[in-house]
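# A closer look at the structure
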Amino acid sequence: MEEAPNLKVKRPGGGEFYALVWTTTPWTLPASMALAFHPDLEYVLAEVEDGDVYIVAKGRANAVQEETSLRFVKFSEPVLGKVFEGAKFKHPFLDRIEPGVLAEYVTLEQGTGIVHTAPGHGAEDFYTGQRYGIDIYAPLDDEGRFTEGLPEYKGKTVFEANPFIVKLLQERGALVGEGKLSHSYPHCWRCHNPVIFRATEQWFIDLEHDKLRERALDEIAKVKWFPAWGEERMRKMVAERPDWCISRQRFWGVPLVVFYCEKCGELLKDFHALRNVVKWFEKEGADAWFTHSAAELLPPGTKCKCGATAFRKEKDILDVWFESGSTNLAVLKGNLWPADAYLEGPDQYRGWFQSSLLVAMGVRGHAPFRQIITHGWTLDADGRPMSKSKGTGELPAEIVEKWGADLLRLWVTSQDYQTDMRFSEPMVAQLAESYRKIRNTFRFALGNLDGFDPARDAVQDSQLQEMDAWMLYRTGELVEKCRAWYDEYAFHRVFHALHDFLVVDLSAFYFDVLKDRLYTFARRNTARRSAQTTMWRITSALVRLIAPILVFTAEEVWKLLPRAAGDAPSVHMALFPKREELVANVAPDKKRNWESLLDVREQALKKLEEARNSKLINSALEARLEMRASGKTLDLLRSYASWLPQLLIVSQVSVASANGKSPASSAANAVDEIEVRHADGKKCERCWNYSTHVGENQTYPTVCERCTAALAEIERSGNAKSGGA
RNA sequence: GGGCCUGUAGCUCAGGUGGCUAGAGCGCGCCCCUGAUAAGGGCGAGGUCGACUGUUCAAGUCAGUCCAGGCCCA
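These notes cover the structure that comes with them. (Residues numbered from 1 in each chain as written. Chains lettered and ligands numbered in written order. Predicted model: local features only at pLDDT ≥ 70, side-chain atom pairs only at ≥ 80, totals over all residues. Heavy atoms only, no water.)

Across its full length, chain A holds 24 helices and 27 strands. Against the compact-globule benchmark of 27 Å for 725 residues, chain A has a radius of gyration of 41 Å, which places it well outside the compact range. If you line up chain A on its principal axes, its C-alpha atoms span 125 × 75 × 40 Å. Burial statistics for chain A: of 725 residues in total, 47% are counted as buried. Put simply, of all contacts in chain A between residues at least 6 apart along the chain, 69% involve residues at least 24 apart. (Helix = DSSP H or I, 4+ residues; strand = E, 2+ residues; numbered from the N terminus. Rg over C-alpha atoms; globule rule 2.2 N^0.38 Å. Buried < 20%, exposed > 50% of the residue type's maximum accessible area, 1.4 Å probe, protein only. Contact = heavy atoms within 4.5 Å.)

Structure below.
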C-alpha cells in the first residue's frame, strides 16, 4: 500500500456540463482518450451554487461532496450511464475531445462513477479503447519519459511529471478536489520499484488460429486428472485465457526467429531462408542468434519482396513458458511421447501444464500427457506458504541431513499431497516415532526368521495353523487395497493402512501372540514353522508394498529377509505382491470366528487391565480367566478353547455356560462374564506360563507339561541330523 | 473483485448413494513387562465434524450465506 494523489478533475461537457473524473495517476491524463461510464448505474446532474452542473454517479454524490469543495444544491432525475455513450467531453488541458464510453468495470466503491480511460496505459482501458476504435496513445519512451505534450511535462519521467500535471490542472481550474489515498500499486517483483503500464507491440499466438483453443479443450477432456477438479480448472483457464503473448523484452534468452527488411520494414516470410537459422542453432545453440549478424544467419541471396537484401533481427526473446512448454518434445523421443503423467503444483495450471499443452497442440496436435497429477502447496507449521525470501523455507537437503531421506519421503507420503501440505519439526518428530515402530516390527520379524530357509522350512498351506492362515488372508486383503490406492496415486492411504497393520495387527497382536510358539516350541515343530512361514510371507509382501515409500529401509529389510529362489536381488526390482500369493485356505466361517475372537480379546484385555490396577496380577500370564457365555458366543469359545490362552496371552482360560444369567452386554460376541483370577499352579521357568503340572517331570522339574514335551522334542531332533534353525 | 481448491480430536488421516452414543494411528496420561529392550504390551482421557441458516422424521454427509487459508488471475 502506498499513498497516491486522489484527484477529482472536471471535464467540460458539451455546454454547461462538467463530468467529474477521479484518478490516482495524474501522469496518465495526457494519454486520456475517453471517459467511461457504467451502462446500468444511475447518474445525476448535480448543480452547485454558481450554476455549474456536474455529472456524477448518484451513489457517489454525497461522497464527492465530502471529498471536494463542491456543494450540490440541486439534483436532476437520475439517468442511466448508457445515455452518455458518445457524449463529447473536453480534455482538461489538451486540445482533445473525449467520447463517453461504457464499461462494466466502473464501480461505486471509489471516485465519481466516471473513469478516465487511457488505452495506452492499462489492460482494461486498452480493451475499452479497442471496442470503440480509439487510438492507443502512449507518449512515453522506454525510460518512461514523455516524448510529446505540453512543456510542463514533456521530457520528464512519469513520476517526475505527476506534480506538474496536478499544477496544470489547478491552473486550468479543472481540479475540484485533491486528497491522498492508500492503495496497492503494482511493483516489480524483483527490484520492487513501482511499474507503469505502457502499451507496446508484442508477438502473440492467436488462440483461435487453426482452432487451437477448441482443439486444446477437446484434448483436456481426454486427459485423466488427479484430482478430478483439475479438468474443470484447466478447461476454464484455457477457454477464457487471452491470446498468448510470447515475446519478452530481455537481453538474452531463446530468440524469436524473426527478421525485418531494413528498407521497407516488412517481415521476412521466406520460410526456406528462415530454416537456415536452425542449422546455426544445431551447431552453436540458440546463442548463434546473438553472436552472428542477420546476413550470416540467413542464406546468401535472401531477398525481401521489395528487393532489398539487408535485414535486422528481432530483439525480443521468447517467453520462458514457451520453452518449458516444449520440454516434452525434447525429452520424450519417439514412442515415449506423450508422457504418462505430469506432476506439479496448482500454479502450473497457468504455467507448465498449459504451456506444454498449447505447444504440443501446435506441434503434434495432441496433449503431451495422459494424466495430470497436482500436488498441494507446501506450507509451514502456521499454514503459510514456504518462502525463501521470508525465511520460512525448509530445504529438502537439510531435512534429509537431519532426519534421513526415508523420513522426508514418509512426510510426503503420510499426508494427502493433493491438498496443501504442512511441514513442522514436531510433525516430523512424530513421524520419526512411527518410522521407528515400523522398522522395529520388521526387525522383529527378521530376527525370528534367522536361519529360516523358505525352501526347506516353509510349511504347506494345508499345514498352516488356522490363525496363521487367517492372518495371511488379512494381509491379502491389505495387499489388494494398497494396490488399488497405488493405482490412483493415493499414497497416504497406502502408508496409513500399512502403518496401522504393522503396528496394530502385527506388532501389538499377531507377533505378540506368536512369541509363545516362536520361543518355546521346538525349532522344527510344525506349529513354529507355521508361524515362521506366515511371518516370512507377510513380511515379504509388506516390504514390497512399502518399498516406494521407505526406499532405503525396505531395501535393508529385503537384503536380510530369507529369500526364495528367483526372488529379485533388490526389493525395488521385485514386483508388488498379489493377493493370490497370500491366500491360504480359510473357510468364510473361520474368518468370521477369528474376527469374533478379536472382539472377545478386546473384552478380556479390559478385564485384565482392571485386575492389574487392583494389583491382583501384574503380567497377564499370572491370570486365569473364567468366561461365561451363551448362545453362539459360547459355541465359539468352546470350539476355540485350546486357542484362548495363547490368543489372550494368559495362562489359563475356562469357559462355561452363562446359565441364563442376564448378559452383561447386548453387543454381538459379548461374553456375559469374564472373571480374572490368579492363575493356578506355579510359573514355568521356561515359558512363564502358570501350570499345576510344574514339577511333575523329574527330568525337567522347573517346567510345565508343554515345555516338557517341547524339550523332549528338541532332544530327539538334537540327536537327529542337523536341520537348521 | 473473479475462477478453482481446502477446513473432522494436539498431529496425520478414515468416514460410497444423509440414519445407531463420529472412527484409526501417532502424541499425551496412567499401568504392566523385561526373552523385539535407546524395545514390547494394556487401559484411558481428548472432537459444538470452520460458523450460521435452511431442506429432511433424520446432516460430518444435501443447499445457501459467511469466516479462515491456498493457487491463479484482476
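Turning next to the packing of helix α14 (residues 425-448) against helix α17 (residues 491-520). At a minimum axis distance of 10 Å, the contact between α14 and α17 shows a crossing angle of 35°. As α14 runs across α17, the sense of the crossing is left-handed. Between α14 and α17, the residues in contact are Ser434, Lys437, Ile438, Thr441, Phe442, Phe444, Ala445 and Asn448 and Phe495, His499, Leu502, Val503, Leu506, Ser507, Phe511, Lys515, Leu518 and Tyr519, respectively. Here the contact of α14 with α17 is built from residues that sort into 11 nonpolar, five polar and two charged. (Axes fitted to C-alpha atoms, helices over the stretch in contact; angles between N-to-C directions. Left-handed = near helix turned anticlockwise from the far one by under 90°. Nonpolar A, V, L, I, M, F, W, Y, C, P; charged D, E, K, R; others polar.)

This model, assessed by the stated rule, comprises 33 salt bridges. Note that Glu47 is salt-bridged to Lys74, the shortest N-O span being 3.8 Å. Of this pair, Glu47 sits in strand β4 (residues 42-48) while Lys74 sits in strand β6 (residues 72-75), and the two are 27 residues apart along the sequence. Assessed through its relative accessible area of 51%, Lys74 is described here as exposed. In this structure, Arg677 and Glu675 form a salt bridge, with 3.0 Å as the shortest nitrogen-oxygen distance. A relative accessible area of 25% places Glu675 in the partly exposed class. Put simply, Arg624, Glu626, Arg628, Glu673, Glu675, Arg677 and Asp680 are held in one network by salt bridges that share partners. (Salt bridge = Lys/Arg side-chain N within 4 Å of Asp/Glu carboxyl O.)

We now examine the packing of aromatic side chains. Applying the stated criterion across every chain yields a total of 31 aromatic pairs. Aromatic side chains Tyr486 and Phe576 sit 4.8 Å apart centroid to centroid with 20° between the ring planes, which places their arrangement in the stacked category. Note that Tyr486 is positioned in helix α16 (residues 466-487) and Phe576 in the loop between α19 (551-560) and α20 (579-582), a separation of 90 residues in sequence. For Tyr486, a relative accessible area of 9% puts it in the buried group. (Phe/Tyr/Trp six-rings, centres within 6.5 Å; stacked < 30°, edge-to-face > 60°.)

Before going further, it helps to spend a moment on the sheet that holds strand β19 (residues 339-344). A sheet is described by the order of its strands in space; here three strands give the open sequence β13-β20-β19, paired in parallel fashion. In this open sheet, the two strands that pair with only one neighbour each are β13 (224-226) and β19. When strand polarity is set aside, the average angle formed by the axes of neighbouring strands in this sheet is 15°. Looking at chain direction, β13 and strand β20 (residues 369-374) are connected through three bridges and run parallel. Each bridged residue has a counterpart across the sheet, and for Phe226 the counterpart in β20 is Ile373. Docked against the sheet, helix α11 (residues 352-363) engages β19 and β20, running at close to 150° with respect to β19. (Pairing = 2+ DSSP bridges.)

Let's shift gears to the sheet that holds strand β24 (residues 652-657). Pairing is mixed in the open sheet, where three strands are placed in the order β24-β23-β25. At either end of the open sheet lies a strand with only one pairing partner, and these are β24 and β25 (673-678). Ignoring strand direction, the axes of neighbouring strands in this sheet form an average angle of 20°. Pairing geometry for strand β23 (residues 623-629) and β24, over six bridges, is parallel. Bridge pairing in β24 links Met627 to Val655. Sitting on the sheet, helix α21 (residues 588-613) is in contact with β23 and β25, with an inclination near 45° to β25. Contacting β23 and β24, helix α22 (residues 631-639) runs over the sheet at an angle of about 145° to β24.

The residue after Phe226, namely Pro227, is reached through a cis peptide bond having omega -5°. Considering the arrangement of structural elements, one finds Pro227 in the loop between β13 and α5 (229-240). That bond from Trp337 to Pro338 is cis: its omega, 0°, falls within 30 degrees of zero. Relative to the elements of secondary structure, Pro338 occurs in the loop between α10 (327-331) and β19. The phi dihedral of Tyr489 is positive, around 60°, even though this residue is not glycine. With a phi close to 55°, Ile649 is a non-glycine residue in the positive phi region.

Before going further, it helps to examine the environment of Met467. Structurally, the position occupied by Met467 is in helix α16. Exposure remark for Met467: the relative accessible area of 0% places this residue in the buried category. The spatial distance from the C-alpha of Met467 to the C-alpha of Ala531 is 9.2 Å, given a sequence separation of 64 residues.

Next up on the list: the environment of Arg706. Looking at where Arg706 falls in the secondary structure, it is placed in helix α24 (residues 705-719). Residue class for Arg706 comes out partly exposed when judged on its relative accessible area of 35%. In this structure the C-alpha to C-alpha distance between Arg706 and Ser657, which are 49 residues apart in sequence, comes to 27 Å. For Arg706, the residues in contact, after removing those within four places along its chain, are Asp516, Thr520, Phe521, Cys687 and Asn689.

Glancing now at the protein's contact with RNA strand B. Inspection of the region around RNA strand B gives 48 residues, with Arg350, Arg436, His492, Arg493 and His499 positioned closest. Within 4 Å of the protein, atoms of RNA strand B come from sugar and phosphate in 80% of cases. At 3.4 Å from a base nitrogen of RNA strand B is found a main-chain nitrogen or oxygen belonging to Asn440. Of all the secondary-structure elements, those providing two or more residues to the surface near RNA strand B are α5, α14, α17 and α21. For the surface near RNA strand B, the element with the most residues is α17, which contributes 12 residues. Here the surface near RNA strand B is built from residues that sort into 13 nonpolar, 14 polar and 21 charged. (Near = heavy atom within 4 Å. Polar contact = N/O pair within 3.5 Å; in protein donor to acceptor, adjacent residues only side chain to side chain.)

So, on to the packing of helix α18 (residues 526-546) against α19. Following both chains from N to C, one finds α18 and α19 inclined at 150°, their axes separated by 9 Å at the closest point. Comparing their axes, α19 and α18 come out roughly antiparallel. Remark: the crossing between α18 and α19 carries left-handed chirality. Between α18 and α19, the contacting residues are Thr539, Ser540, Val543, Arg544 and Ile546 on the first element and Ala554, Val557 and Trp558 on the second. Here the contact of α18 with α19 is built from residues that sort into five nonpolar, two polar and one charged. (Parallel < 35°, antiparallel > 145°, perpendicular 65-115°, else oblique.)

Let's shift gears to the nonpolar core. Counting residues in hydrophobic clusters, the biggest one holds 93 residues, and the most contacted among them are Met467, Leu506, Tyr510, Leu542, Ile546, Leu625 and Met627. If you tally residues by element for this core, the top one is α17, at 13 residues. Setting aside chain neighbours within four positions, we find Ile546 in contact with Ile438, Phe442, Leu498, Leu502 and Ala554. Core analysis: the next-biggest nonpolar cluster, separate from the first, contains 29 residues, Leu318, Leu329, Leu332 and Met361 among them. (Core = buried A, V, L, I, M, F, W, Y, C linked by side-chain atoms within 4.5 Å.)

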